[in-house]
Amino acid sequence: MMQHSRFNWQSMRSHIMVFDAPLAILLFLILSTGIITLYSAGIDFPGRVEDQLRNILVSFVIMWIFANIPPQTLMRFAIPIYTFGVALLLAVAAFGMVKKGARRWLNVGTPIQPSEIMKIATPLMLAWYFQKREGALRLKDFVVATIILLIPTGLIAKQPDLGTALLVVAAGFSVIFLAGLSWKILISLITFVAVVTPTIVWPYMLHDYQRDRVLTMLDPTRDPLGKGFHIIQSTIAVGSGGLHGKGWLKGTQAHLEFIPERTTDFIFAVFSEEFGFIGNIILVSLYFLLILRCLMIAANAPTLFARLMAGSVTMIFFTYAFVNMGMVSGILPVVGVPLPFLSYGGTALVTLGMAAGIMMSVQRNRKLVQT
């Protein structure tokens, strides 16, 4: 009986140990900060905190599942997951649900947003592709990888969903770069983008509302009660927090309903107003430590596939945080990107939980290889 009990304890302990302690602690601190901020931001939205706690529980289960899947096993599912994701994007384009002028959702009993899958599926596919060609990479391999990246990006941008498309590009391109893309090609790409953006992308490829977002970012006062309202009110909230903030539950911009989407995309404005510059420094430090820990895990990954996946997940976390804080502060256009592990939402949090699970799997696999 004692031996059976000991076996169960050891088995349970082995499952708990899949979690990387530094990463888990940082995630716990950010999620806790998110719940505290959401309580204040969503005080006029009953049930938001309870819903978010359920989202966190689902995300935790997803993270635990992926933390228990070795990278080499995950690699076998790269092609099916990517193919399935692209098929769902095509289904969205054909008969997806339209909300607020965008066709981004499929109704399968409950609305789902397939583009979220591609944040993980695209870098997963690219990491598999480069792993198969390790040691014999040629220019044509990077061309094929670019096509793999452009297929989902184009379908997502067409919905239109510029924010998610940006995250997919960041995650996918990080894999291509880490796989060994030369600086000469990178500089050539940057030059090409710099030339094409004002001549082709701006006049012909962007929607009117997307051009308005860029112009509004440059000068929010051109339409202060319309398109510039969001940026103006969020920057007022960020600045009015001062050094120490107005205090928890005492943010006037939030509670007088001047901040739009204050529980989701603009939750950072609520946090800044209530906790001030010092609170922002602490929050940014937590994200910095999270990204630093992910970089350490990526650097010590045992295989090219694991290293590329860990690197892309790191870029996902960085892009999420940088773009959200940038748009709330008025230095980037508003593109609808949530603040990771802080904003209210289910689908994005599940995707982030999946990404965190992959990081923990890579770290666990490194330990197993060394022993």
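Residues numbered from 1 in each chain as written. Predicted model: local features only at pLDDT ≥ 70, side-chain atom pairs only at ≥ 80, totals over all residues. Heavy atoms only, no water.

1. Looking at the pattern of salt bridges
Any two side chains of opposite charge can pair, on the condition that their charged atoms come close. This is how the line gets drawn: What counts as a salt bridge is simple: a side-chain nitrogen of Lys or Arg found within 4 Å of a carboxyl oxygen of Asp or Glu. Helix and strand definitions follow DSSP, with helices as H or I runs of at least four residues and strands as E runs of at least two, each counted in order from the N terminus. Think of it in three bands: residues with accessible area under 20% of the maximum for their type are buried, residues over 50% are exposed, and the middle band is partly exposed, with areas taken using a 1.4 Å probe on protein chains only.
Summed over the entire model, instances satisfying the criterion amount to 6 salt bridges. We note a salt bridge from Asp-51 to Arg-54, for which the minimum N-O separation is 2.1 Å. Here Arg-54 and Asp-51 lie together in helix H3 (residues 48-67), a separation of 3 residues that amounts to about one turn. Taking the relative accessible area as the measure of exposure, Asp-51 reaches 26% and is therefore partly exposed.

2. Examining the side chain of Glu-274
Our working rule: A positive count includes Lys and Arg, and a negative count includes Asp and Glu. His and the chain ends are not counted in either. Polar contacts, as used here, are pairs of N or O atoms within 3.5 Å; protein pairs need one atom able to donate a hydrogen and one able to accept it. Residues neighboring in sequence count only if both atoms are side-chain atoms. Here a residue-residue contact requires only that any non-hydrogen atoms of the pair lie within 4.5 Å.
On the secondary structure map, Glu-274 appears in helix H13 (residues 267-299). Of the side chains with opposite charge, Arg-262 lies nearest to the buried Glu-274, which makes no salt bridge, at 8.8 Å. Within polar-contact distance, the side chain of Glu-274 engages the backbone nitrogen of Leu-249 at 3.3 Å. A polar contact is formed between the side chain of Glu-274 and the backbone nitrogen of Gly-251, at a distance of 3.4 Å. Setting aside anything within four residues of it in sequence, one finds Glu-274 in contact with Ser-40, His-244, Gly-245, Lys-246, Gly-247, Trp-248, Leu-249, Lys-250, Gly-251 and His-255.

3. Side note on the environment of Ala-170
Within the secondary structure, Ala-170 sits in helix H8 (residues 162-178). On the basis of relative accessibility, which here comes to 16%, the residue Ala-170 falls in the buried class. Apart from the residues lying within four places of it in its own chain, the contact partners of Ala-170 are Met-315 and Thr-319.

4. So, empty space enclosed by the protein
Going by this rule: Using a 1 Å grid laid over the protein atoms alone, points where a 1.4 Å probe fits but cannot get out form a cavity; open sets with protein on both sides within 12 Å along at least 5 of 7 lines form a pocket; any residue with an atom within 4 Å of a point counts as lining. Grid points are joined across faces, edges and corners, and a volume is the space filled by probe spheres set on the points. Note on residue categories: nonpolar means Ala, Val, Leu, Ile, Met, Phe, Trp, Tyr, Cys or Pro, charged means Asp, Glu, Lys or Arg, and polar means any other residue, Gly included.
One pass over the structure, following the stated rule, counts 2 cavities of 30 Å³ or more. Size it by volume and the largest cavity reaches roughly 50 Å³. Lining the largest cavity, in full, are Pro-338, Leu-339, Pro-340, Phe-341, Ser-343, Tyr-344, Gly-345, Ala-348, Leu-349 and Leu-352. Class assignment for the residues of the lining of the largest cavity results in 8 nonpolar, 2 polar and no charged. By volume, the second largest cavity amounts to about 30 Å³. Of all the elements in the fold, those that place two or more residues in the lining of the second largest cavity are helix H4 (71-76), helix H14 (304-329) and helix H15 (347-370).

5. A word on the packing of aromatic side chains
We describe a pair of aromatic rings using the distance from one ring centre to the other and the angle between the two ring planes. For clarity, the cut-off: Aromatic contacts are taken between Phe, Tyr and Trp rings whose centres are within 6.5 Å, Trp giving its six-membered ring; a plane angle under 30 degrees counts as stacked, one over 60 as edge-to-face, and the others as tilted. Note on criteria: charge over ring means Lys NZ or Arg CZ within 6 Å of the ring centre, with the direction from the centre no more than 35 degrees off the ring normal.
Across all of its chains, the model carries 7 aromatic pairs by this definition. Ring plane angle 10° and centroid distance 5.6 Å describe the contact between Phe-318 and Phe-322, whose orientation is recorded as stacked. Of this pair, Phe-318 and Phe-322 both sit in helix H14, 4 residues apart, which is roughly one turn of that helix. Chaining the aromatic ring pairs together yields one cluster made of Tyr-129, Phe-130 and Phe-142. One residue, Arg-48, lies across the ring of Tyr-344, its end atom 4.5 Å from the ring centre.

6. Thoughts on the side chain of Ser-40
Locating Ser-40 in the fold gives a position in helix H2 (residues 21-41). Residue classification places Ser-40 among the buried residues on the basis of a relative accessible area of 0%. Those residues in contact with Ser-40, other than ones at most four positions away along the chain, are Trp-248, Leu-249, His-255 and Glu-274.

7. Describing the sheet that holds strand E2 (residues 102-107)
To keep it simple, the criterion reads: The pairing criterion for strands is at least two bridges between them, as found by DSSP.
Here 3 strands make up an open sheet; going across it, the order is E1-E2-E3 and the pairing antiparallel. Pairing within the sheet leaves two strands with one partner each, and these edge strands are strand E1 (97-99) and strand E3 (111-112).

8. Describing unusual backbone geometry
Gln-159 connects to Pro-160 through a cis peptide bond whose omega is -5°. Its location among the elements puts Pro-160 in the loop between helix H7 (139-157) and H8. You will see that Glu-257, though not glycine, has its phi angle at about 65°, which is positive. If you trace the backbone, Glu-257 turns up in the loop between helix H12 (252-255) and H13.

9. Description of the packing of helix H6 (residues 115-132) against H8
Note the threshold: Axis lines are fitted to C-alpha atoms, over the contacting stretch for helices. Their N-to-C directions set the angle, which ranges from 0 to 180 degrees. When an angle is under 35 degrees it counts as roughly parallel; over 145 it counts as roughly antiparallel; between 65 and 115 it counts as roughly perpendicular; any other value is oblique. In this scheme the crossing of two helices becomes right-handed for a clockwise turn of the near helix relative to the far one and left-handed for an anticlockwise turn of less than a right angle.
Orientation of H6 relative to H8, taken along the N-to-C sense of each, is 15°, at an axis distance of 9 Å. Taken as axis vectors, H6 and H8 run roughly parallel relative to one another. Pair H6 / H8 crosses with right-handed handedness. For the pair H6 and H8, the contacting residues are Ser-115, Glu-116, Met-118, Lys-119, Thr-122, Pro-123, Leu-126, Ala-127 and Phe-130 in the first and Thr-164, Leu-167, Val-168, Ala-171, Gly-172, Val-175 and Ile-176 in the second. A breakdown of the residues in the contact of H6 with H8 according to their chemical character gives 10 nonpolar, 4 polar and 2 charged.

10. With respect to the layout of surface pockets
Of the voids in this model, the second largest pocket is the one considered here, and its volume is about 1,500 Å³. Contributing to the lining of the second largest pocket are 45 residues, with Lys-100, Arg-104, Glu-261, Asp-265 and Gly-336 lying nearest its centre. For the lining of the second largest pocket, the secondary structure elements donating two or more residues are E2, H6, H8, helix H10 (208-218), helix H11 (229-240) and H15. Residue composition of the lining of the second largest pocket, grouped by class: 18 nonpolar, 14 polar and 13 charged.

11. Regarding a nonpolar patch on the surface
Under the convention used in this document: Residues with no salt bridge and a relative accessible area higher than 30% make up the patches, which join like charges within 9 Å and nonpolar side chains (Val, Leu, Ile, Met, Phe, Trp, Tyr) within 5 Å. With residues, only the protein chains shown are counted as cover, and all accessible areas are computed by Shrake-Rupley using a 1.4 Å probe.
The grouping of Ile-36, Tyr-39, Ile-43, Trp-248 and Leu-249 at the surface amounts to a nonpolar patch, some 460 Å² of accessible area in total. A relative accessible area of 41% places Ile-36 in the partly exposed class.

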